[in-house]
Amino acid sequence: MQESLLSVGVDLGTTTTQIIFSRIYLEDKAVTAVPEVKISRKEIIYKSTVYFTPVLSDNRIDLPALKNLVEKEYLKAGIKKNDLQTGAVIITGETARKENASAVLQSLSDFAGDFVVATAGPDLESLLAGLGAGAGEKSKNHGEAVLNFDIGGGTTNAALFIDGEASSTFALDIGGRLLRLQKDGTINYVSAKIKDLLVELGLEDKIHPGEKADFADLHLLTRTFAKILYRIIKQLTLTPAAKKLFIGHECGPFELPLAMISGGVAEYVYRDFTPRNIEDVALFGDIGPLLGSSVRDYFSAHGMQLQKPKEKIRATVIGAGTHSLCLSGSTISADESVLPIKNLPVMQLSLEQSTADIEKSGKILQQKLRLFPDDLPALALAGTAAPSYSDVKTLARMIAENIPVQLNQPLVILLEADFAKALGLTLKRYLADTQIICLDRIKAHDGDYIDIGRSIGSAVPVVVKTLIFTA
Amino acid sequence: MDDMVKDISTQEIKDTVLIDTPQNPAFCRQLKKTTNARICIGRAGSRFKTETLLKFRADHAIAMDAVWSDVDEGLIDRLGFFKVQTQVNNKEEYIRRPDLGRIFSKETTEQIKANCIMSPDVQLIVADGLSGYAIDANLEDIFGILTDGLTAKGYKVGTPIFVKYSRVATMDKISEALNAKVTIQLIGERPGLATGESMSCYMAYESSSKKPESQRTVVSNIYRKGIPPVEAGAQIIHLTDVLMREKKSGTELKL
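Residues numbered from 1 in each chain as written. Chains lettered and ligands numbered in written order. Predicted model: local features only at pLDDT ≥ 70, side-chain atom pairs only at ≥ 80, totals over all residues. Heavy atoms only, no water.

The name an unreviewed UniProt entry gives chain B is Ethanolamine ammonia-lyase small subunit, with Pectinatus haikarae as the organism. You can read under Subcellular location (unreviewed entry) in the UniProt record for chain B the words "Bacterial microcompartment". Under the UniProt heading Subunit (unreviewed entry), the entry covering chain B gives this text: "The basic unit is a heterodimer which dimerizes to form tetramers. The heterotetramers trimerize; 6 large subunits form a core ring with 6 small subunits projecting outwards." (UniProt positions renumbered as here; feature names shortened; annotations may be inferred.)

What follows is the structure, given as structure tokens:
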């Protein structure tokens, strides 16, 4: 068996909008009668031009212009909506916080294709950007932790990878377009997010809209941004205003990793260009180029080498297009008639090893299910070892006794360990009339949402995502 | 417990980095996860360290022990198997004479016919093969899900048979004697270094000694670190459905 999926990635960022198409090849590597479907190769087949994100004068996203742009790129790539099997539209940075963001995202993901997921949220963005930049791969191949900062227009998204897996993600209000200016230095816009930092730097009177910016002041600001990133990676203390730049949550402790930068600003980190005056700075009407050169200079002055990313401005869109999808195990139990399933919330249940504990978890299951009065969420069972047959039976009975069958919804179970076919088969004996989707080798957590596609060979494609506008 | 010698065979070689002063011990462990080869073990001069050498010999001993081990017949009796033996008389002969491990005496064949359900849809056989440990480790879980699952699907399930000193081909003889549709044989795999617990499953539709080896559909590597026995059981039930529907098996079957 060799099959492939056509995938689209759309990144709707603070500054730019990009589209890529990629082909994901799948292969059944089975040597015996047990299938083993794996992703064998990913190939990017089309990269769009980098567009400025169309924004209306009242600061909302210009949906018609956006649709027009997407349509034009599909046409140029020669790809029809129906050709696509998977993909992700990700709305990132400040764009995600615009008033009509949710509506735009939904409308665009439907417009882009049937099984194209809509995603947002700074943590997921950080993860996808890090994967697209190649930080995950680098950490796996070189045996050292890699921290990737994806510095965009509105936000900086950080992801720390250890042995190919993201161990933590966080985001900051640091970006090239938080301050916009004209060629002559007149400031058009200053994001409210950096107000405290400007006060701390004593720049609050000098940097605000209408004012002519002084090169030295802008340089102090971008150098401060660079210093904050450097101090985060070195785990040094931050000033109160710097701490306020974290979005949602701060970063946890970690050992000194290698540093990598991606995102639009990275184009100026890894380029030998140093703005010398206001005109140089205002190349794109923002402080992006100056921020890029400040990061490069600050890190090198402090003796920290920056790793080269595989992708810079395109890291997030490539991450969205090629890394959002994973495959289930190949021995599973899936009632094809209910697929695909979109946007199903996940409820996690830790799977204890002993029979007594499984029975106890029935109570916990019922309590947690009360949080989902109308929908039956996907049950994610953690634990890496497959249980004995008698425990599989106990588990199946516990689930059958505690789920609200009266909702008449398909039962979706996600296992980390390899026993989905066994559990699915056993469950069917207790729940003959319920449609069951039981998948393994999938890790999902409380608060995640999942999409499950139609089967490919004997596996199914799964997208695990942290939802839309939680921040 | 301090005066006890530690059992070196229980230690996982994969978790131990024996290089004296590794520059990046975490990466060594990460590398070791990618292969079963004995890497990052350090050295003493141009040779193995004592610990590496002992571990190697202990792992080799596991393989040797597995070959010479007998299946726990208490387990076989508890699960209600009908027990028979090939024309082999002891382990030494089993190793030396593979041909005798494939056939039954006339009396044994008659006993099978007299004591087991005739013309079953599914005939289950357990054979010791080259590792008794493999059967001890996996049989209970896989037998449970197989019998429950096959019965629930409405198949006529035959009397389970245990064959001592058995090679794979005994399944053909039993299938012929009982006129079975699908025959499933679970057999202890030839052990490798440190792995004596791995079991295989051979399946065939109208299994027959007149057909070539390619009549058999195989699921291998069944044990806790390979395909877990419960999951293998569920896959075998699925394959039984396919064999019954297609009325063929092995390479003739497009899976």
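Having seen it, we continue.
Caption draft 1: Summary view of helix H11 (residues 315–322) of chain A. Most of H11 of chain A sits out of view: 8 of its 8 residues are buried. All of the buried residues in H11 of chain A are Ala-315, Thr-316, Val-317, Ile-318, Gly-319, Ala-320, Gly-321 and Thr-322 of chain A. (Buried < 20%, exposed > 50% of the residue type's maximum accessible area, 1.4 Å probe, protein only. Helix = DSSP H or I, 4+ residues; strand = E, 2+ residues; numbered from the N terminus.)

Caption draft 2: Geometry of the domain arrangement of chain B. Residue and element names in this part refer to chain B. Parsing chain B into structural domains produces domain 1 (8–68) and domain 2 (73–252). Distance between the C-alpha centres of domain 1 and domain 2: 35 Å. Facing 11 residues of domain 1, the contacting portion of domain 2 comprises 13 residues. Area buried by domain 1 at its contact with domain 2 is led by Ala-66, Val-67 and Trp-68, which between them contribute 53% of it. Where domain 1 touches domain 2, the interface holds 0 salt bridges. Viewed at the interface, domain 2 and domain 1 are joined by 1 residue pair in polar contact (both at pLDDT 80 or more). (Domains from an automatic or database assignment. Contact = heavy atoms within 4.5 Å. Buried area = accessible area lost by both parts, 1.4 Å probe. Salt bridge = Lys/Arg side-chain N within 4 Å of Asp/Glu carboxyl O. Polar contact = N/O pair within 3.5 Å; in protein donor to acceptor, adjacent residues only side chain to side chain.)

Caption draft 3: Representation of the interface of chain A and chain B in the model. Facing the 27 residues of chain A at the interface are 25 residues of chain B. Around 1900 Å² of area is buried between chain A and chain B when both sides are counted, 62% of it from carbon and sulfur atoms. In this structure, the connection of chain A to chain B is made through 3 salt bridges. A salt bridge links Lys-393 of chain A to Asp-148 of chain B, with the shortest nitrogen-to-oxygen separation between them at 3.9 Å. Here chain A and chain B share 11 residue pairs in polar contact (both at pLDDT 80 or more) between them. If you list the elements that add at least two residues to the side of chain A that touches chain B, you get helix H4 (135–142), helix H13 (389–402) and helix H14 (420–430) of chain A. In terms of residue count, the dominant contributor to the side of chain A that touches chain B is H14 of chain A (6 residues). Of the residues contributing to the side of chain A that touches chain B, the split by class is 11 nonpolar, 8 polar and 8 charged. (Nonpolar A, V, L, I, M, F, W, Y, C, P; charged D, E, K, R; others polar.)

Caption draft 4: Fine view of the UniProt feature "binding site: adenosylcob(III)alamin" (unreviewed entry) in chain B. Residues and elements named next belong to chain B. In the numbering used here, UniProt assigns the "binding site: adenosylcob(III)alamin" (unreviewed entry) feature to Val-168 and Glu-189. The greatest C-alpha distance among the annotated residues, which extend across 22 residues, is 10.3 Å, indicating that they converge on a single site. For Val-168, the location among the structural elements is in the loop between strand E3 (161–164) and helix H7 (170–178). Among the residues examined, Val-168 registers a relative accessible area of 18% and is labelled buried. Contacts of Val-168, omitting those with residues within four sequence positions, involve Gln-185, Ile-187, Tyr-202 and Arg-216.

Caption draft 5: A look at the packing of aromatic side chains. In the structure shown here, the tally under the stated rule is 9 aromatic pairs over all chains. Taking 5.8 Å as the distance between ring centres and 50° as the angle between the ring planes, the aromatic pair formed by Phe-170 of chain A and Phe-246 of chain A counts as tilted. Here Phe-246 of chain A lies in the loop between helix H7 (240–243) and strand E12 (258–262) and Phe-170 of chain A lies in strand E9 (residues 165–172), a separation of 76 residues in the sequence. Here the two residues Phe-170 of chain A and Phe-246 of chain A agree in accessibility, since each one is buried. Taken together, the ring pairs connect Phe-21, Tyr-46 and Tyr-74 of chain A into an aromatic cluster. Taking NZ or CZ as reference, Arg-180 of chain A lies 4.5 Å from the ring centre of Tyr-189 of chain A, over its face. Of note, Arg-167 of chain B hangs over the ring of Tyr-94 of chain B, and the distance from its end group to the ring centre comes to 4.4 Å. (Phe/Tyr/Trp six-rings, centres within 6.5 Å; stacked < 30°, edge-to-face > 60°. Lys NZ or Arg CZ within 6 Å of the ring centre and 35° of its normal.)

Caption draft 6: The arrangement of the pattern of salt bridges in detail. Residues and elements named next belong to chain B. Applying the stated criterion to the full structure yields 31 salt bridges over all chains. Across the pair Lys-55 and Asp-59 runs a salt bridge whose closest N-O atoms are separated by 3.1 Å. A residue pair is termed a helical-turn pair when its members lie 3 or 4 positions apart in one helix, as Lys-55 and Asp-59 do in helix H2 (residues 50–68) at 4 residues. In the salt-bridge network here, residues are joined through shared partners; they are Glu-73, Asp-77, Lys-83 and Lys-164.

Caption draft 7: Up close: the nonpolar core. With 86 residues, the main nonpolar core has Ile-399, Ile-413, Leu-414 and Leu-423 of chain A together with Leu-139 and Leu-186 of chain B as its most contacted residues. The biggest single contributor to this core is helix H8 (residues 229–246) of chain B, with 9 residues. Contact partners of Ile-413 of chain A, with chain neighbours within four places excluded, come to Leu-379, Leu-381, Ile-399, Leu-423, Leu-427, Ile-437, Cys-438 and Leu-439 of chain A. Of all hydrophobic cores here, the second largest spans 50 residues; its members include Val-190, Leu-218, Leu-221 and Phe-246 of chain A. (Core = buried A, V, L, I, M, F, W, Y, C linked by side-chain atoms within 4.5 Å.)

Caption draft 8: Geometry of the side chain of Thr-95 of chain A. Tracing the backbone through its elements, the reader meets Thr-95 of chain A in the loop between strand E5 (86–91) and helix H2 (101–112). A polar side-chain atom of Thr-95 of chain A sits 2.6 Å from the main-chain carbonyl oxygen of Gly-13 of chain A.

Caption draft 9: Structural context of the sheet that holds E3 of chain B. Residues and elements named next belong to chain B. One open sheet holds the 6 strands; their spatial order is E1-E3-E2-E4-E5-E6, and the pairing between them is mixed. The open sheet has two edge strands, strand E1 (82–85) and strand E6 (217–222), and neither has a second partner. On average, each strand axis in the sheet is inclined to that of its neighbour by 20°, with strand direction left out of account. Against the sheet, helix H5 (residues 106–115) makes contact with E1 and E3, and its axis sits at roughly 170° relative to E1, the strand it touches most. (Pairing = 2+ DSSP bridges. Axes fitted to C-alpha atoms, helices over the stretch in contact; angles between N-to-C directions.)

Caption draft 10: Looking closely at unusual backbone geometry. For the bond running from Leu-339 of chain A to Pro-340 of chain A, omega is 0°, close enough to zero to count as cis. Residues other than glycine seldom take positive phi values, yet Cys-40 of chain B does so here, at roughly 55°. Within the secondary structure layout, Cys-40 of chain B lies in the loop between helix H1 (25–33) and H2.

Caption draft 11: Structural context of the side chain of Asp-286 of chain A. Residues and elements named next belong to chain A. By the element assignment, Asp-286 lies in the loop between helix H9 (278–281) and helix H10 (288–301). Residue classification places Asp-286 among the buried positions, given a relative accessible area of 7%. Within the structure, Asp-286 has its side chain in polar contact with the side chain of Arg-177 (distance 2.8 Å). Not counting chain neighbours up to four residues away, the residues in contact with Asp-286 comprise Gly-176, Arg-177, Leu-179, Arg-180, Leu-181 and Val-281.

Caption draft 12: Examining the layout of surface pockets more closely. Put simply, the second largest pocket is a space of about 940 Å³. In terms of lining, the second largest pocket is formed by 41 residues, of which the most central are Pro-35, Lys-421 and Ser-458 of chain A together with Gln-235 and His-238 of chain B. At the level of elements, strand E15 (333–334) and H14 of chain A together with E6 and H8 of chain B are the ones that each hand at least two residues to the lining of the second largest pocket. With 8 residues, H8 of chain B is the single largest residue contributor to the lining of the second largest pocket. Partitioned by chemical class, the residues of the lining of the second largest pocket number 19 nonpolar, 12 polar and 10 charged. (1 Å grid on protein atoms, 1.4 Å probe; cavity = no way out; pocket = protein on both sides within 12 Å on 5 of 7 lines; lining within 4 Å. Points joined across faces, edges and corners; volume = space filled by probe spheres on them.)

Caption draft 13: Region of interest: the domain arrangement of chain A. All names here are of chain A. We note that the domain assignment places domain 1 (2–120), domain 2 (124–309) and domain 3 (330–466) within chain A. On the domain 3 side, the residues contacting the 15 residues of domain 1 number 15 residues. Counting each side, the surface lost to burial between domain 1 and domain 3 is near 1100 Å², with a carbon and sulfur contribution of 64%. Where domain 1 packs against domain 3, one counts 0 salt bridges. Remark: the boundary between domain 1 and domain 3 carries 1 residue pair in polar contact (both at pLDDT 80 or more). At 3 residues, the largest contribution of residues to the side of domain 1 that touches domain 3 is made by strand E6 (residues 117–119). The residue makeup of the side of domain 1 that touches domain 3, split by class, is 10 nonpolar, 1 polar and 4 charged.

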